[in-house]
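An overview of the molecular structure
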Amino acid sequence: MSYSTADSFRPVTLDDVRGAQKMLSGVARVTAMEGSRHLSQMVGAPVHLKCENLQRTGSFKLRGAYVRIAGLLPEERAAGVVAASAGNHAQGVALASALLGVRSTVFMPKGAPLPKVSATRDYGAEVRLHGQVVDETLAAAQEYAAETGAVFIHPFDHPDIIAGQGTVGLEILEQCPEARTILVGIGGGGLAAGIAVAAKSLRPDVRVVGVQAAGAAAYPPSLAAGRPVSVENPATMADGIKVGRPGDVPFGIVGELVDEVRTVSEDELSAALLLCLERAKLVVEPAGASPVAALLSEPGAFEGPVVAVLSGGNVDPVLMERVLRHGMAAQGRYLAVRLRLTDRPGALATLLGALSVVDANVLDVSHVRTDPRLGLTEAEVELHLETKGPAHCVEVGQALREAGYTVIG
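Everything numeric in this text was worked out from a predicted model, so none of it was measured.

What the protein chain contains, in helices and strands, is 16 helices and 14 strands. For the protein chain, whose C-alpha radius of gyration is 24 Å, the value lies close to the compact-globule estimate of 22 Å for 409 residues. Within the protein chain, residue pairs in contact and separated by at least 24 positions form 73% of the contacts whose partners lie at least 6 positions apart. Carbon and sulfur atoms provide 51% of the accessible area of the protein chain, an area that totals close to 17100 Å².

Encoded structure:
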């Protein structure tokens, strides 16, 4: 299966996806489908998690990258391939190239997480750090392709990529033939388009719902306009779906076959990531948790059985810590407060004693005595507390005020 530039808008068919599935046999894992009792109770119908976070390289991206590179002509393979990515696509291209014996160069932003840069190198790619944002990195990769003749491997805007990602849809229907709704995160649209081709060809009654981060939601305005439009300065922690403009090829498929595109907030993404970790024991990146965020947002909106595609698990440990705290705060399980007290011996111990009475677990304490904002006998304390929910947060604040403390933030 190989397409020339002139064929780049050729429709992706079920036969293409089935051909990709044969090509990926022994290369990509058939990832697990795990039931979620907690989400099933919330939705009122069976909910299953399609665990692409457990795929080789930690995401679904290997599927499309391998199919695309395997379909190159011999002279194209000889010229090598080049890609631009902040993480998942980079690793997918690097491993696919290594498996196929093709030289790969991957451009990554200078601020890309070190674990992702290291993993991409370990899979065999030459990594070049360029630019501060992905758009700059993408331009550098395309310039490199023009100068060297290397084939540019787009992360989502090519029929081979979409066919490869569509194998996730085939596996979903094989593992859960009774599925009524499939939830999948959307960035550029390659995964959602591929799943929609596979699912709608075999089961037209299956509802396919795309999920975007509200701060990077290019599909709703694009679908309304009938053409891909750009979102200026997309902003979300979910870097896997942080794409400012839909791909031309997947956009047509999404517009025709995807039933609905929803958006979720950063709080909902954080809560979903926390739920996956605590309840399903699965490490999932924010983009991969977006379908679960949609379930948390409106659990009664989806007919079951529901399959939520956990598209990736490559999350930077530093981001994971921040997101988990954000998720706990969104659920009322984490509270940060600043207050002033009289700077005298035993004052901090007295404060901590007041917190112990209401059973608040102190995670961190920052104690400032010298600051122009403070009076001669004042000190400022910032506390990070683990709490038991919104009602407990209110109880903690009330207890501090009753003890005579002035809460300033």
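Moving on, we get to the pattern of salt bridges. Counted by the stated rule, this structure contains 14 salt bridges. Note that aspartate 205 and arginine 180 form a salt bridge whose closest N and O atoms lie 2.5 Å from each other. Of this pair, aspartate 205 sits in the loop between helix H9 (190–202) and strand E8 (207–213) while arginine 180 sits in the loop between helix H8 (159–175) and strand E7 (181–185), placing them 25 residues apart in sequence. When its relative accessible area of 38% is taken as the criterion, aspartate 205 is described as partly exposed. Owing to a relative accessible area of 27%, arginine 180 belongs among the partly exposed residues under this scheme. Shared partners join several salt bridges into a network, and the residues in it are Lys50, Glu52, Arg63 and Glu171.

Further remarks concern the sheet that holds strand E10 (residues 306–310). Spatially, the six strands line up as an open sheet ordered E1-E2-E10-E7-E8-E9, and their pairing is mixed. Every other strand in the sheet has two partners, leaving strand E1 (33–35) and strand E9 (260–264) as the edge strands with one partner each. Here the strands of the sheet are splayed against their neighbours by 25° on average, with no regard to which way each runs. When E8 meets E9, the two strands line up parallel, connected through five bridges. Counted as the bridge partner of valine 211 is arginine 262 from E9. Lying on the sheet, H8 is in contact with E1, strand E2 (47–51), E7 and E10; it crosses E2 at an angle near 140°. Where H9 meets the sheet, it contacts E7, E8 and E10, and its direction lies at approximately 160° from that of E7.

The subject of this paragraph is helix H1 (residues 14–24). Quick reminder: α-helices carry 3.6 residues per turn. Residues three or four places apart thus point the same way. Those residues of H1 that sit buried are Leu14, Asp16, Val17, Ala20 and Leu24. End-on view of H1: buried residues confined to an arc of 160°, all on one side of the axis. Facing away from the buried side of H1 by more than 90 degrees, the exposed set consists of Asp15 and Lys22. Lining the buried residues of H1 we find helix H3 (61–70), H8 and H9. One or two steps after H1, the chain reaches glycine 26, where phi turns positive at roughly 85°.

Reading the values: the criteria
- Residues numbered from 1 in each chain as written.
- Predicted model: local features only at pLDDT ≥ 70, side-chain atom pairs only at ≥ 80, totals over all residues.
- Heavy atoms only, no water.
- Helix = DSSP H or I, 4+ residues; strand = E, 2+ residues; numbered from the N terminus.
- Rg over C-alpha atoms; globule rule 2.2 N^0.38 Å.
- Contact = heavy atoms within 4.5 Å.
- Areas by Shrake-Rupley, 256 points an atom, 1.4 Å probe, with all protein chains shown as cover.
- Salt bridge = Lys/Arg side-chain N within 4 Å of Asp/Glu carboxyl O.
- Buried < 20%, exposed > 50% of the residue type's maximum accessible area, 1.4 Å probe, protein only.
- Pairing = 2+ DSSP bridges.
- Axes fitted to C-alpha atoms, helices over the stretch in contact; angles between N-to-C directions.
- Arc of directions from axis to C-beta.

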